[in-house]
Amino acid sequence: MSSIRLRFAPAPTGSLHLGSARTALFNWLVARGSGGELILRVEDTNAELSKPELIDNIYRSLDWLEIDFDGEPVRQSQRADLYDDAVEQWISAGVAYEDEGAIRFRVPQDGTTSWDDQIRGAVVFENQHIEDFVVRRADGTATFFTANAVDDLDLGITHVVRGEDLVNVTPKVILLREALGESAPLKFAHLPLIINEQRKKLSKRRDDVALEAYRERGILPTAMVNYLALLGWGPKDDVEVRPISEIIEMFDIADVNPSAAMFDVKKLEAINGEYIRALSPEEFGKSIAPWLEEEDWAGNVDDEVLRQVAPLVQERTRVLAEAPKQLDFFFWDNQEMDSDAWQKVMLKDSARSILEAARSVLADVEWNVEALHEAVRKIAESHELKLGKAQAPIRVAITGRTVGPPLFESMYFLGREVVVERLGNALQKLVEAQR
RNA sequence: GCCCCCAUCGUCUAGCGGCCUAGGACACCGGCCUUUCACGCCGGCAGCACGGGUUCGAAUCCCGUUGGGGGUGCCA
């Protein structure tokens, strides 16, 4: 058995929570950085919690983050006998007693229970403030405290890394372990909470706490892990975005900041953007595929065109879910026109004249990016406009929007026929509107 | 109410007694680049909650105040 053993012990209450993911990550960092072992222990002492789909979600999420475990997962729902034995042991030792069918642990009325937290230092509770707590429910099932203490002992856990919201249960678990004759005290590290803008613990009701929600929006797992590592911890050399292998090497649980950390989606997305830009074109193409498939123009996507056009949007993408709207005009059947965009540029005096000039010049200009660029540049010149201004109506006519990938590259890949047709359509719409 | 924890720019952090007129990142604001938007680059704004100690010297150590948070289930 390895000298360092940790466990990640989620209760399968739904989709994996961001805070749980961070706890899993920090446990994993300690294990992988120390040559220790990490066990996955599912805390499904409560019957409703052992639903297969809930447990699957945990596996899927952890797998997505590439947080791996040693050995098979342990299910508390299958270890009732062990908990029973412990409770019987406490009863016969006189430290637990029956109360309305449940069994309570008798907490000493004097003295203190304390531990040296790796993140917070000494934490001390006076025993008189700890109430006698239930270790076995009237229905015969073990409570969290019992399962926790028994399993940590039985599995040879040496280090417990968990959220700060569990600080107050720690003295109870320590008492239970002592009553079981523990051979060595656990090393505890209570992680700071992840909080929202209101500086409150992330809540399921009002915050996006499901890890899956971020996956669905197109956050890369590597970016998520990197960002999560930065919540409560920071590298001493100030390089925040870096491979997980380096983080494993630099990470030390004792360096973790004890104060709560706000979850900042903007920063997550900024980091995600960096990871997206660092992808190879092939990887990027594969990454956005699931999002493109959901579009109604998905059937029109030409893989070769997509391959050439994807790099144009890669550096403009912060979350993968944004990719379709940057690429749609390459593939749609019925062109959509953003009305704000139309209002903004097509109502200008020069718009009609620019579109007319573009339609006629582009009808037989040489079809390459440089020539297209030059052609539009000349139109701009003749209208005494900067290229940036002059290309606006052309962009809107062709892409339906005021912003998007570089225009001349886009026109080039779209092809002469489509470009001229869209310019014509826009012109017609403009003329009709002016009548 | 009681118990426990926390306190460096708006946010995440570096700092673990002198290297700090406090560094980085995100956000924000200027500028450059430029075919839009981005990217990139340059610059700016902005912080040690307060009060006492300890010390030659405190963001760093101690105490208090204030403020915030967590817990207080036969949930986990």
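Residues numbered from 1 in each chain as written. Chains lettered and ligands numbered in written order. Predicted model: local features only at pLDDT ≥ 70, side-chain atom pairs only at ≥ 80, totals over all residues. Heavy atoms only, no water.

Participant: Quick question: what am I supposed to make of the domain arrangement of chain A here?
Facilitator: Where interface size is given, it is often the accessible area lost as the parts come together that is meant. Taken as a whole, chain A is organised into domain 1 (196-277) and domain 2 (281-434). Each of domain 1 and domain 2 has a C-alpha centre, and these two points are 36 Å apart. In this complex, domain 1 contributes 13 residues to the contact, which on the side of domain 2 involves 9 residues. Of the roughly 870 Å² buried between domain 1 and domain 2 on both sides combined, carbon and sulfur atoms contribute 57%. Contact with domain 2 buries surface across domain 1, with Glu 269, Ile 276 and Arg 277 losing the most and accounting together for 50% of the total. Summed over the shared surface of domain 1 and domain 2, the number is 5 residue pairs in polar contact (both at pLDDT 80 or more). Broken down by secondary-structure element, the contributors of at least two residues to the side of domain 1 that touches domain 2 are helix H6 (211-217) and helix H9 (265-277). When residues of the side of domain 1 that touches domain 2 are assigned to their parent elements, the largest contribution, 7 residues, is made by H9. When grouped by side-chain class, the residues that make up the side of domain 1 that touches domain 2 number 4 nonpolar, 3 polar and 6 charged. (Domains from an automatic or database assignment. Contact = heavy atoms within 4.5 Å. Buried area = accessible area lost by both parts, 1.4 Å probe. Polar contact = N/O pair within 3.5 Å; in protein donor to acceptor, adjacent residues only side chain to side chain. Helix = DSSP H or I, 4+ residues; strand = E, 2+ residues; numbered from the N terminus. Nonpolar A, V, L, I, M, F, W, Y, C, P; charged D, E, K, R; others polar.)

Participant: Even after reading the chapter, I still don't get the protein's contact with RNA strand B, so can you show me in this structure?
Facilitator: Taken together, the neighbourhood of RNA strand B is formed by 66 residues, with Arg 137, Asn 168, Glu 315, Arg 316 and Gly 404 sitting nearest. Counting only atoms of RNA strand B within 4 Å of the protein, the fraction found in sugar and phosphate groups is 72%. Within the backbone of Pro 406, one N or O atom sits 3.1 Å away from a base oxygen of RNA strand B. Taking Glu 409, its side chain carries an N or O atom lying 3.1 Å from a base oxygen of RNA strand B. Broken down by secondary-structure element, the contributors of at least two residues to the surface near RNA strand B are strand S5 (102-105), strand S7 (121-126), helix H4 (144-154), strand S12 (261-262), H9, helix H16 (387-399) and helix H17 (407-414). Class assignment for the residues of the surface near RNA strand B results in 29 nonpolar, 13 polar and 24 charged. (Near = heavy atom within 4 Å.)

Participant: In this structure, what is going on with the environment of Glu 274? I would like to understand it.
Facilitator: Summarising the element assignment, Glu 274 is placed in helix H9. You can call Glu 274 partly exposed: its relative accessible area is 39%. Spatially, the C-alpha atoms of Glu 274 and Val 241 are 8.3 Å apart, while their sequence positions differ by 33 residues. (Buried < 20%, exposed > 50% of the residue type's maximum accessible area, 1.4 Å probe, protein only.)

Participant: Before we go on, may I ask you to explain the confidence of the model for chain A in this structure?
Facilitator: Note that predicted coordinates carrying low pLDDT should not be read in detail. The predicted model of chain A has a mean per-residue pLDDT of 95, with 99% of residues at 70 or higher. For this predicted complex, the interface confidence comes out at an ipTM of 0.97, alongside a pTM of 0.96. (pLDDT = per-residue confidence, 0-100.)

Participant: I keep staring at the pairing of strand S10 (residues 187-191) and nothing clicks. Help me out?
Facilitator: Each regular strand shows side chains that alternate between the opposite faces of the sheet. Most of S10 sits inside the fold, with 4 of its 5 residues counted as buried. Sheet topology note: the strand S9 (residues 159-163)/S10 ladder contains 5 bridges and is parallel. By the bridge assignment for S10, His 159 is matched with Lys 187. Once you follow S9 into helix H5 (residues 170-179) and on to S10, the crossover reads as right-handed. (Pairing = 2+ DSSP bridges. Right-handed = clockwise from strand over helix to strand, strands pointing away.)

Participant: What is the right way to read the nonpolar core from this model?
Facilitator: Looking at soluble globular proteins, one finds that nonpolar side chains tend to be buried together. With 102 residues, the main nonpolar core has Met 346, Ile 394 and Met 411 as its most contacted residues. Sorting elements by how many residues they give to this core places helix H1 (residues 18-34) first, with 9 residues. Counting residues in each nonpolar core, the second largest holds 21 residues, with Tyr 83, Ala 96, Ile 130 and Leu 176 among its members. (Core = buried A, V, L, I, M, F, W, Y, C linked by side-chain atoms within 4.5 Å.)

Participant: Can you walk me through the sheet that holds strand S4 (residues 96-99) in this structure?
Facilitator: Judged by pairing direction, the sheet is antiparallel, and its 3 strands sit side by side in the order S4-S5-S8 without closing on themselves. Single-partner strands in this sheet number two, and they are S4 and strand S8 (133-136). Strand-to-strand twist in this sheet, taken as the mean axis angle between neighbours without regard to direction, amounts to 45 degrees. With 4 bridges connecting them, S4 and S5 associate as antiparallel partners. (Axes fitted to C-alpha atoms, helices over the stretch in contact; angles between N-to-C directions.)

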